[in-house]
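Chain by chain, the residues run as shown.
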Amino acid sequence: MITAILPTQVQAARIKICHDCKFYKEQTNSCGTFILARLTDGQKEVTLSRVKDNTVTYYKKKIRLCGCKISEKVKYAWAQCPAGKWPMERVTIEDMERLREAAKEIEAVGSIHTSDARMIELYTLLSKLTGQNIQRTSCSSCIRDLINFALNSTKEFE
Ligand code: SF4
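Now for a look at the structure at hand.

Thresholds, definitions, all that
- Residues numbered from 1 in each chain as written.
- Predicted model: local features only at pLDDT ≥ 70, side-chain atom pairs only at ≥ 80, totals over all residues.
- Helix = DSSP H or I, 4+ residues; strand = E, 2+ residues; numbered from the N terminus.
- Contact = placed C-beta atoms within 7 Å.
- Axes fitted to C-alpha atoms, helices over the stretch in contact; angles between N-to-C directions.
- Parallel < 35°, antiparallel > 145°, perpendicular 65-115°, else oblique.
- Left-handed = near helix turned anticlockwise from the far one by under 90°.
- Nonpolar A, V, L, I, M, F, W, Y, C, P; charged D, E, K, R; others polar.
- Near = placed C-beta within 6 Å.
- Expected span 1.5 Å × (residues − 1).
- Core = buried A, V, L, I, M, F, W, Y, C linked by C-beta atoms within 7 Å.
- Buried ≥ 20, exposed ≤ 12 C-beta atoms within 10 Å, placed from the backbone.
- Domains from an automatic or database assignment.
- Pairing = 2+ DSSP bridges.

A few words now on the overall build of the chain. Secondary structure summary: the chain contains five helices and six strands in total. Helices (α) and strands (β) of the chain occur, in sequence order from the N terminus, as α-β-β-β-β-β-β-α-α-α-α. Taking the contacts inside the chain whose residues are at least 6 apart along the sequence as the reference set, 58% of them involve residues at least 24 apart.

Quick look at the structure:
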């Protein structure tokens with residue numbers, strides 16, 4: 001199964017940093033004020049109404065805490081600390097933006113009409129994100145699943 005979930009050691013290292021962070025809310029196990037969220041692998045639904053509560057000053061810069069449940073947030077390779085205390089794993093923001101662009105283009109024109117270079121970009125970026133060797137395939141439902149995974153994982157990188 002394709003997944004962007006990280007090994008437990010990486011998750012534990014992130015959690016340790018969060019537990020030592022002044023913005024961590026122990027009561028809700030969240031980064032700043034908890035925002036109701038449902039996180040599944042690559043699928044995120046966030047209630048944005050309280051986001052404004054989560055703007056703080058950190059080293060003279062305004063940053064917006066995500067309000068996520070830390071035990072969920074730390075699982076994903078594409079997640080990162082809004083204060084820069086722990087990074088994304090395996091991928092960069094640019095990778096995620098390129099992955100979204102590629103997936104959207106393939107979804108719009110169909111894999112048959114997509115250039116080879118674009119398809120290779122999709123497989124390469126998905127391999128980076130998941131840490132798995134995502135093989136090229138001609139199975140259309142498998143490609144559909146990969147595109148859905150890419151689109152769901154990159155929702156916040158529009
Ligand atoms: S994600 Fe970053 S800012 Fe939020 S609680 Fe963890 S270490 Fe602190």
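Relative orientation of the contacting elements helix H3 (residues 93–109) and helix H5 (residues 140–153) amounts to 135 degrees, with a least axis distance of 9 Å. Looking at the two axes, H3 sits oblique to H5. Note that H3 runs across H5; the crossing there is left-handed. Across the interface between the two elements, Leu99, Arg100, Ala103, Ile106 and Glu107 of H3 pack against Ile147, Ala150 and Leu151 of H5. For the contact of H3 with H5, the per-class residue count stands at six nonpolar, no polar and two charged.

Around the ligand, the surrounding shell consists of Ile17, Cys18, Cys21, Phe23, Tyr24, Cys31, Leu65, Cys81, Pro82, Ala83 and Lys85. When its residues are assigned to classes, the shell around the ligand shows 10 nonpolar, no polar and one charged.

On to H5. With 14 residues, H5 ought to run about 20 Å at 1.5 Å a step, and its terminal C-alpha atoms sit 20 Å apart, in line with that. If you follow the buried residues of H5, they end up packed against H3 and helix H4 (116–130).

Turning our eyes to something else, we now look at the packing of H4 against H5. Across the interface, H4 lies against H5 with an axial gap of 11 Å and an inter-helix angle of 60 degrees. When the interaxial angle is binned, H4 and H5 end up oblique. Taken as a pair, H4 and H5 cross one another with a handedness that is left-handed. Here H4 contributes Leu122, Leu126 and Leu129 to the contact with H5, which in turn contributes Leu146, Ala150 and Ser153. Among the residues making up the contact of H4 with H5, the classes are represented as five nonpolar, one polar and no charged.

With that settled, the discussion passes to the nonpolar core. Ala77, Trp78, Leu99, Leu122, Leu129 and Ala150 are the most contacted members of the largest nonpolar core, which has 27 residues in total. Elements represented by at least two residues in this core include exactly H3, H4 and H5. Looking at this core, the element that brings in the most residues is H3, giving five residues. When residues of this core are assigned to domains, at least three map to each of domain 1 (8–73) and domain 2 (93–157). Look past the residues within four positions of Leu122 in its chain and what remains in contact with it is Ala102, Ala103, Ile106, Leu146 and Ala150.

Of the pairings in the sheet, the one linking strand E5 (residues 55–58) to strand E6 (residues 61–64) comprises four bridges and is antiparallel in character. Bridge pairing in E6 places Thr57 opposite Lys62. The turn linking E5 back onto E6 is made up of two residues, and Tyr59 within it adopts a positive phi angle of 45 degrees.

Read these as geometric descriptors, not functional statements.
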